[in-house]
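# A look at the structure
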Amino acid sequence: MSRNLVLGGMLSSLVVLAALVSFVWTPFDYAAIDIPNKLKTPTGEHWLGTDHFGRDMMSMVMVGARTSLAVALVAVGIGMGLGVPLGLTAAARKGSWLDEVIMRGNDLVFAFPSLVIAILITAVFGAGAVNAIIAIGIFNIPVFARITRGAALSLWEREFILAARVAGKSSARISAEHILPNVMNLLIVQGTIQFSLGILAEAGLSYVGLGAQPPTPSWGRMLADAQTMVSFAPHLALIPGFAIILTVLGLNLMGDGLRDWLDPRLRVART
C-alpha cells in the first residue's frame, strides 16, 4: 500500500472514530450552555476550549463530525445509486435518444455551480440536513453517470463483451455482470473524492445557514458563529477549520492511494 493510502486511511479513521464515539460519549453535553465559562481557551477541563455560549468545543467537533459524515455519505450514496445505472444505460444505448437525454441532462446540471444548486434547493424547500443531503446528492448523480459511461464505453468494444453478446445475454445483463465489476475500482476512487467534496458542500451550506440547524452542531455553522470573534477568540474558527482540512485531506489522500493500489497497471509494475 502507498503512503498516501495509509496516511489518508489513518486521518479518515480518526474522524470516523470521533463520530462513532459521539453516539455514546462526549466530554460534555454539546447543547449545554454555560455562560460563566464562555470563550475559554483550551484547558485541562475543556480540551479545545468553549464557544461564546460556554459549550464545549470538543463535544461540538465530535458531533459535528457525525453530521458532516452522515450528510456526505448519504449524498454520495444517492449520487452513486442513481448515477451509475444511468451511466451504464447510456453506454449500453450509445448514440440512441436515451443516451442523448441522459447526457444532455447531465450537461444541464453541470451548467450551474454545485453550491448554487444546493443553495437554491435548500432555499426553496427549507434549511435542514435532509434538504442538504438531497441537494448535494443531486449534483453527484451526473458526476457518477458521466464517469461510468466513459469507462463503460471502452469496455463495450472488448472481446469478452462481444462473446457475451454472442452468447445471447441482454445489454442489462452484460452491464450488471461484466461492465459494472470492471468499472467498480474507478467508482470507489471517485466515491472518496465526492465524499470529501460532500463534506465541503455541507460545511458551505451550514455556513450560510442552510445546512443542519441548531442545536445540532455543524463545522460550517461553527465557522459562521466564530467569524465575528476571530480577533479575540481565534480557536473558535481554527478548531472546526482544521477539522474540515484534516478530513478532506485524509479522504483525498486515501482516494489517491486507492487509485494507485487498485490500478492493475501499477500493480504489475510493482510486481
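Residues numbered from 1 in each chain as written. Predicted model: local features only at pLDDT ≥ 70, side-chain atom pairs only at ≥ 80, totals over all residues. Heavy atoms only, no water.

### With respect to the overall build of the chain
Check the secondary structure of the chain and you find 10 helices and 0 strands. Secondary structure elements in the chain, listed N-terminal to C-terminal, are α-α-α-α-α-α-α-α-α-α. Each principal axis of the C-alpha atoms in the chain carries an extent, and together these give about 75 × 50 × 30 Å. Carbon and sulfur atoms make up 69% of the accessible area of the chain, which amounts to about 13800 Å² in all. The average position of the 19 basic charges and that of the 16 acidic charges among the side chains of the chain differ by 8 Å. (Helix = DSSP H or I, 4+ residues; strand = E, 2+ residues; numbered from the N terminus. Areas by Shrake-Rupley, 256 points an atom, 1.4 Å probe, with all protein chains shown as cover. Lys, Arg positive; Asp, Glu negative; His and termini not counted. Charge placed at Lys NZ, Arg CZ, Asp CG, Glu CD.)

### Focus on the pattern of salt bridges
Considering all chains together, one arrives at 8 salt bridges under this definition. In this structure, Lys169 engages Glu177 in a salt bridge whose closest nitrogen and oxygen atoms are separated by 3.1 Å. One salt-bridge network, in which partners are shared between bridges, spans Glu100, Arg104, Asp107 and Arg146. (Salt bridge = Lys/Arg side-chain N within 4 Å of Asp/Glu carboxyl O.)

### Notes on the environment of Thr43
Considering the arrangement of structural elements, one finds Thr43 in the loop between helix H1 (3–21) and helix H2 (57–92). Classification of Thr43 by relative accessible area gives partly exposed; the value is 37%. With 108 residues separating them along the chain, Thr43 and Ala151 place their C-alpha atoms 52 Å apart. (Buried < 20%, exposed > 50% of the residue type's maximum accessible area, 1.4 Å probe, protein only.)

### Examining helix H8 (residues 219–226)
Among the residues of H8, Trp219, Gly220, Met222, Ala224 and Ala226 are the ones counted as buried. Contacts from the buried residues of H8 go to H1, H2, helix H7 (171–207) and helix H9 (235–262). (Contact = heavy atoms within 4.5 Å.)

### Side note on the environment of Met184
Here Met184 is to be found in helix H7. The partly exposed category is assigned to Met184, whose relative accessible area is 32%. Separated by 33 residues in sequence, Met184 and Ala151 have C-alpha atoms that sit 9.9 Å apart.

### Here's the deal with the packing of H1 against H9
Contact geometry of H1 with H9 gives a least axis separation of 7 Å together with a crossing angle of 140 degrees. When the axes of H1 and H9 are compared, the pair comes out oblique. As for the relative orientation of H1 and H9, their crossing is left-handed in sense. Across the interface between the two elements, Asn4, Leu5, Leu7, Gly8, Gly9, Leu11, Ser12 and Val15 of H1 pack against Leu246, Thr247, Leu249, Gly250, Leu251, Leu253, Met254, Asp256, Gly257, Leu258 and Trp261 of H9. Along the lines of polarity and charge, the residues of the contact of H1 with H9 split into 11 nonpolar, 7 polar and 1 charged. (Axes fitted to C-alpha atoms, helices over the stretch in contact; angles between N-to-C directions. Parallel < 35°, antiparallel > 145°, perpendicular 65-115°, else oblique. Left-handed = near helix turned anticlockwise from the far one by under 90°. Nonpolar A, V, L, I, M, F, W, Y, C, P; charged D, E, K, R; others polar.)

### A word on the packing of aromatic side chains
Here the structure, examined in full by the defined rule, presents 1 aromatic pair. Ring centres of Phe110 and Phe139 lie 5.8 Å apart, and the angle between their planes is 85 degrees; this geometry places the pair in the edge-to-face category. A residue pair is termed long-range when its members are at least 10 positions apart, and Phe110 in helix H3 (residues 97–110) and Phe139 in helix H5 (residues 129–155) qualify at 29 residues. Here Arg66 stacks its cationic end above the ring of Phe23, 4.6 Å away from the centre of that ring. (Phe/Tyr/Trp six-rings, centres within 6.5 Å; stacked < 30°, edge-to-face > 60°. Lys NZ or Arg CZ within 6 Å of the ring centre and 35° of its normal.)

### Notes on the side chain of Thr67
By secondary structure assignment, the location of Thr67 is in helix H2. Given the relative accessible area of 9%, Thr67 is considered buried. Setting aside residues no more than four positions away along its own chain, Thr67 makes contact with Glu202, Ala212, Thr216 and Pro217.

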